[in-house]
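The primary structure of each chain is shown beneath.
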Amino acid sequence: MSARRTLAVGLIGYNFMGKAHSNAWRQAPRFFNLPATPRLRTICGRSRAAVKKAAAKLGWENAQTDWRRVIDDSKIDIVDICTPNDTHCEIAIAAAQAGKAILCEKPLARNVDEAEKMVRAVKKARVVNMVCHNYRRIPAIVLAKRMIERGDLGERIFHFRARYAQDWIVDPNFPLVWRLQSNVAGSGALGDIFSHIVDLARYLVGEFKEVCAIMETFVKQRPLEKNRRVKGKVTVDDAVTMIGRFKDGALASLEATRFAPGRKNSITLEINGSGGSLFFDLEEMNRLKFFRRRDPKDRQGFRDILVTEPTHPYIDIWWPSGHTIGYEHTFIHTIADFVKAMTDQMEGRAPSRPKKNRTPPPAAGRLTASLQPTFEDGLQNQRVLDAVSRSADAKRWVKT
Ligand SMILES: NC(=O)c1ccc[n+]([C@@H]2O[C@H](COP(=O)([O-])OP(=O)(O)OC[C@H]3O[C@@H](n4cnc5c(N)ncnc54)[C@H](O)[C@@H]3O)[C@@H](O)[C@H]2O)c1
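We now turn to the structure provided with this report. Because the structure is predicted, anything quoted here is derived from the model rather than measured.

Rules of the game
- Residue numbering note: each chain is counted from 1, following its sequence as written.
- Confidence filtering applies because this is a predicted model: local features only for residues at pLDDT of at least 70, side-chain atom pairs given and counted only at 80 or more, and all residues used for totals across whole chains, interfaces and linings.
- The side-chain quantities take in all heavy atoms of the structure and omit both hydrogens and water.
- One requirement defines pairing of two strands: DSSP has to find at least two bridges between them.
- Counting from the N terminus, the helices are the DSSP runs of H or I reaching at least four residues and the strands are the DSSP runs of E reaching at least two.
- The convention used is that axes are lines fitted to C-alpha atoms, helices contributing only their stretch in contact, and that angles between N-to-C directions extend from 0 to 180 degrees.
- Residue contacts follow a heavy-atom distance rule, with two residues in contact if any of their heavy atoms lie within 4.5 Å.
- Throughout, near means a residue has at least one heavy atom within 4 Å of the molecule or strand.
- Polar contact is the term for a pair of N or O atoms within 3.5 Å; when the atoms are in protein, one must be able to donate a hydrogen and the other to accept it, and sequence-neighboring residues count only if both atoms are side-chain atoms.
- To be clear on the numbers: accessible area is Shrake-Rupley with a 1.4 Å probe, and residue cover counts the displayed protein chains and nothing else.
- Polar here means any residue outside two lists: the nonpolar Ala, Val, Leu, Ile, Met, Phe, Trp, Tyr, Cys and Pro, and the charged Asp, Glu, Lys and Arg; Gly therefore counts as polar.
- For this document, the term salt bridge refers to a Lys or Arg side-chain nitrogen within 4 Å of an Asp or Glu carboxyl oxygen.
- The cut-offs for exposure are 20% and 50% of the maximum accessible area for each residue type, with area from a 1.4 Å probe on protein chains only; residues under the lower value are buried, those over the upper are exposed, and the others partly exposed.
- This arc is built from the directions going out from the helix axis to the C-beta atoms.
- What we call a nonpolar core is a set of buried Ala, Val, Leu, Ile, Met, Phe, Trp, Tyr and Cys residues that are connected through their side-chain atoms within 4.5 Å.
- Helices are assigned an expected span. That span is 1.5 Å times one less than the residue count.
- Note on bend: at a given residue it equals the angle between the axes fitted to the 7 residues ending there and to the 7 starting there.

## Comments concerning the sheet that holds strand 4 (residues 78–81)
On the basis of which strands lie adjacent, the open sheet formed by 6 strands has the order 3-2-1-4-5-6 and parallel pairing. Taken across any chain shown, the strands that pair with only one partner, and hence form the sheet edges, are strand 3 (62–64) and strand 6 (129–132). Between one strand and the next, the sheet's axes are offset by a mean angle of 25°, whatever the strand orientation. As paired strands, strand 2 (residues 36–44) and strand 3 are joined by 3 bridges and run parallel to one another. Pairing of Ile-43 across the sheet is with Ala-63, part of strand 3. The sheet contacts of helix 2 (residues 48–58) involve strand 2 and strand 3, and relative to strand 3 the element is tilted by about 155°.

Take a look at the structure:
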């Protein structure tokens, strides 16, 4: 395959994620030495005027109002799904049947049933597939993975704790947007943000064995978007708290909420092992805190690793030592990994799958397909979300 092969992309949805992904498709080939160059062929949204404007602003050649036309376009190689959750299943299955590679935003689907159908479709069509769990692509998170694999936290992991906290719906007059309607979103904080920390837990520690959870909807009615004087029912959770056990015996404690005033998009996680601990805070995403029990007693303490050196994952393609990166880079890394996975498949290299979460992490800045959260990962994630939901409903422990 020529080093300058082009892969044409069709992106569905032009708002928040549409913007983040458009930027990533544009930037990835400018920084990474990709084996193929993405071409921003078509962006799709429902409003003609708005999607045309988005196409011009975000750098797409064409604007389209029907996603089916994107899938019917034989020149398009990749379909990137950045639409609300109720559309993921139908678009992804149609894209797979048309032989397109698929990048799909999280959560993969609204429920396990949809996720299973999506997995079946991509397996049958043998197309490259990925869920956009972009937080896996933070250099500090990949470094954490590398350190756990290397044994820096010791032989045994005892605890994985994570909290994803936001505050955008604390105001009871905030309207009933799609994220608060179960027929569109599937679930609330659970699928929207808890799914990200479930992915990080599975990536860093391993599979869950059982969970026990509580969920709450604090504000049960909200003004309708189109008529603020009328209220509609909130049909999703506002917050979820879970304890659980991993298959290898480690304990989990996970929480997601949209009711934490002052917490805008806060993810914190701590992992404790027999040899030490790691702590990560998304608001300081270029840093990773590490405590090592082996250090001399009189000098022990959490060290603060600035994850901005060329030796760190992904960093060598960015700026000189010490120059920080941000949120948008997580998507650029995702796209670069996706393109690499795709060209690997085209060149006949087997798509690498993590072996029980114990695949060695990538060398600094090198792309790796083994980092992919595939649709299979999305399904496994959905199974955990489903177990959490069933546990909260039944007020008991549930096996995942
Ligand atoms: N990876 C992350 O961290 C992250 C962050 C935010 C959102 N998301 C996920 O991304 C997806 C989109 O979220 P968002 O925040 O961008 O939503 P949004 O409401 O900001 O944008 C949704 C877009 O989809 C378009 N759309 C809706 N239905 C459509 C249809 N039938 N055909 C074509 N276009 C359609 C809308 O016009 C809009 O452009 C969701 O699945 C969400 O969970 C992921």
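Picking up after the structure, the text goes on.
## Regarding the sheet that holds strand 7 (residues 157–165)
Overall, mixed pairing links the 9 strands, which are arranged 16-15-14-13-7-12-11-8-17 in an open sheet. Two strands close off the open sheet at either side, each with one partner strand: strand 16 (303–306) and strand 17 (398–399). Direction of pairing for strand 8 (residues 208–216) relative to strand 17: antiparallel, over a ladder of 2 bridges. The residue bridging Val-211 from the neighbouring strand is Val-398, located in strand 17.

## Some thoughts on the site of the ligand
Residues in close proximity to the ligand total 24 residues, the closest being Asn-15, Asn-85, Lys-106, Trp-178 and Arg-179. Measuring from an oxygen atom of the ligand, one finds a backbone N or O atom of Lys-106 at 2.8 Å. Considered on its own, the ligand offers 850 Å² of accessible surface; in the complex 90% of this is hidden by protein. Looking at the shell around the ligand, the elements with two or more residues in it are helix 1 (16–31) and helix 8 (189–204). Residues belonging to the shell around the ligand are distributed by class as follows: 11 nonpolar, 8 polar and 5 charged.

## A short note on the pattern of salt bridges
Any two side chains of opposite charge can pair, so long as their charged atoms come close to each other. According to the stated counting rule, one finds 31 salt bridges in the structure shown. In this structure, Arg-41 and Asp-73 form a salt bridge, with 2.7 Å as the shortest nitrogen-oxygen distance. Residue Arg-41 is located in strand 2, and its partner Asp-73 is located in the loop between helix 3 (67–72) and strand 4; the two are separated by 32 residues in the primary sequence. By relative accessible area, which is 16% here, Asp-73 ends up buried. Between Glu-90 and Arg-68 there is a salt bridge whose closest N-O contact spans 3.3 Å. With Glu-90 in helix 4 (residues 88–97) and Arg-68 in helix 3, the pair connects residues that are 22 residues apart, well separated along the chain. For Glu-90, a relative accessible area of 47% puts it in the partly exposed group. When salt bridges with common partners are traced through the structure, they connect Arg-136, Asp-199, Arg-202, Glu-207 and Asp-377 into a single cluster.

## Notes on the environment of Trp-178
Along the polypeptide, Trp-178 turns up in the loop between strand 7 and helix 7 (182–185). Residue Trp-178 is classed as partly exposed on the basis of its relative accessible area, which comes to 26%. A C-alpha to C-alpha distance of 9.9 Å links Trp-178 and Val-234, two positions 56 residues apart in sequence. Once you skip the residues sitting within four places of it in the chain, Trp-178 turns out to touch Pro-84, Asn-85, Val-184, Ala-185 and Glu-225.

## Here we look at the side chain of Lys-106
Structurally, Lys-106 can be placed in the loop between strand 5 (101–105) and helix 5 (112–125). Within polar-contact distance, the side chain of Lys-106 engages the backbone oxygen of Asp-192 at 2.7 Å. When neighbours within four sequence positions are excluded, Lys-106 is seen to be in contact with Asn-85, His-88, Val-131, Cys-132, His-133, Gly-191, Asp-192, Ser-195 and His-196.

## Some thoughts on helix 2
For helix 2, the full list of buried residues reads Val-51, Ala-54, Ala-55 and Leu-58. The arc enclosing the buried residues of helix 2, seen along the axis, measures out at 100°, which places them on a common side. Away from the buried face of helix 2 by more than 90 degrees, exposed residues Ala-49, Lys-52, Lys-53, Ala-56 and Lys-57 are located. Those residues of helix 2 that are buried lie in contact with helix 1, strand 2 and strand 3. Looking at the residues trailing helix 2, positive phi occurs at Gly-59, about 90°.

## Description of the nonpolar core
Nonpolar side chains tend to gather and get buried jointly when the protein is soluble and globular. Counting 89 residues, the largest nonpolar core has Trp-25, Phe-160, Phe-194, Leu-204, Phe-208 and Leu-254 as its most contacted members. Here this core takes 10 residues from helix 8, the largest share from any one element. One finds Ala-92, Ile-93, Ala-96 and Ala-121 within the second-largest nonpolar core, a separate group that totals 28 residues.

## Some remarks on helix 8
Count 3.6 residues to each turn of an α-helix, and residues three or four apart come out pointing the same way. Between its first and last C-alpha, helix 8 extends 21 Å over 16 residues, near the 22 Å set by a 1.5 Å rise per residue. At Ser-195, helix 8 is deflected by roughly 40°, the largest bend along its length. Here helix 8 lies mainly inside the structure; 16 of its 16 residues are buried. Immediately beyond the C-terminal end of helix 8, within one or two residues, lies Gly-206, with a positive phi of roughly 140°.

## Quick word on the environment of Asp-237
Looking at the secondary structure, you find Asp-237 in the loop between strand 10 (231–233) and strand 11 (239–246). The sequence separation of Asp-237 and Val-198 amounts to 39 residues, and the corresponding C-alpha distance is 16 Å. In contact with Asp-237, other than residues within four places in its own chain, are Ser-187, Gly-188, Ala-189, Leu-190, Met-215, Glu-216, Thr-217 and Arg-258. Within the structure, Asp-237 has its side chain in polar contact with the backbone nitrogen of Ala-189 (distance 3.0 Å). Looking at Asp-237, its side chain comes within polar contact range of the main-chain nitrogen of Leu-190, at 2.9 Å.

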